[in-house]
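Residues per chain are reported as follows:
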Amino acid sequence: MLRRRPVVMRRGVGLLGTAAVGAAAYGAGRSAANRAAGEQSQNEQIAELQAQQTAPPPQPAAPPPPPPAAPPAAATQDDRISQLRELGELKASGVLTDEEFQAEKARILGSS
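All values reported here derive from a predicted model rather than from experimental measurement.

In terms of regular secondary structure, the protein is built from 3 helices and 0 strands. For the protein, the α and β elements follow one another from N to C terminus as α-α-α. In the protein, which comprises 112 residues, the share counted as buried stands at 5%. A total of about 10200 Å² of accessible surface is found on the protein, and carbon and sulfur atoms cover 59% of it.

Right, let's get into the layout of surface pockets. Considered as a void within the structure, the largest pocket measures approximately 240 Å³ in volume. Every residue lining the largest pocket is counted, 14 residues in all, and those nearest its centre are Pro-67, Pro-68, Leu-87, Glu-104 and Arg-107. Elements that contribute at least two residues to the lining of the largest pocket include exactly helix H2 (77-92) and helix H3 (98-110). Looking at side-chain class alone, the lining of the largest pocket contains 9 nonpolar, 1 polar and 4 charged residues.

With 16 residues, H2 extends 23 Å from end C-alpha to end C-alpha; this agrees with the ideal 22 Å at 1.5 Å per step. Of the surrounding secondary structure, the elements contacted by the buried residues of H2 are H3. Two residues or fewer past H2, Gly-94 is found with a positive phi of approximately 95°.

Bringing the nonpolar core into the picture now. Counting 5 residues, the largest nonpolar core consists of Leu-87, Leu-90, Leu-96, Phe-101 and Ile-108. Once residues lying within four places of it in the same chain are set aside, the contact partners of Ile-108 are Arg-80, Gln-83, Leu-84 and Leu-87.

A few words now on the pattern of salt bridges. One pass over the structure, following the stated rule, counts 2 salt bridges. Note that Lys-91 is salt-bridged to Asp-98, the shortest N-O span being 3.2 Å.

Turning to the packing of H2 against H3, a few remarks are in order. At a closest axis distance of 10 Å, the pairing of H2 and H3 adopts a crossing angle of 180°. Considering the angle they form, H2 stands roughly antiparallel to H3. Packed against H2, whose contacting residues are Arg-80, Gln-83, Leu-84, Leu-87, Gly-88 and Lys-91, the element H3 presents Asp-98, Phe-101, Glu-104, Lys-105, Ile-108 and Leu-109 at the interface. Here the contact of H2 with H3 is built from residues that sort into 5 nonpolar, 2 polar and 5 charged.

Rules and cut-offs
Residues numbered from 1 in each chain as written. Predicted model: local features only at pLDDT ≥ 70, side-chain atom pairs only at ≥ 80, totals over all residues. Heavy atoms only, no water. Helix = DSSP H or I, 4+ residues; strand = E, 2+ residues; numbered from the N terminus. Buried < 20%, exposed > 50% of the residue type's maximum accessible area, 1.4 Å probe, protein only. Areas by Shrake-Rupley, 256 points an atom, 1.4 Å probe, with all protein chains shown as cover. 1 Å grid on protein atoms, 1.4 Å probe; cavity = no way out; pocket = protein on both sides within 12 Å on 5 of 7 lines; lining within 4 Å. Points joined across faces, edges and corners; volume = space filled by probe spheres on them. Nonpolar A, V, L, I, M, F, W, Y, C, P; charged D, E, K, R; others polar. Expected span 1.5 Å × (residues − 1). Contact = heavy atoms within 4.5 Å. Core = buried A, V, L, I, M, F, W, Y, C linked by side-chain atoms within 4.5 Å. Salt bridge = Lys/Arg side-chain N within 4 Å of Asp/Glu carboxyl O. Axes fitted to C-alpha atoms, helices over the stretch in contact; angles between N-to-C directions. Parallel < 35°, antiparallel > 145°, perpendicular 65-115°, else oblique.

Structure, rendered in structure tokens:
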């Protein structure tokens, strides 16, 4: 018959047990530091979003002033056509009202 060896129990933690305990403690400390950094980053993001919500909305840009009136010189046919074309573009873009458009058109056509 075979004899069994008696089980020997050691007291204390061996070399591998010490390494495992040390690694666990290190990991716990690192995760706490990472968690704190994540919370700080999250708090900064929340503060930034709140600041954006309380900031006044941007004001729309003022429309550009109407173009200066051309000097009353004798205009050639090509000049008048280009002026009328430009005038139509200004009216289409909303810079000139109908009244301003009609007044400038009459001025351009009347200066022949």
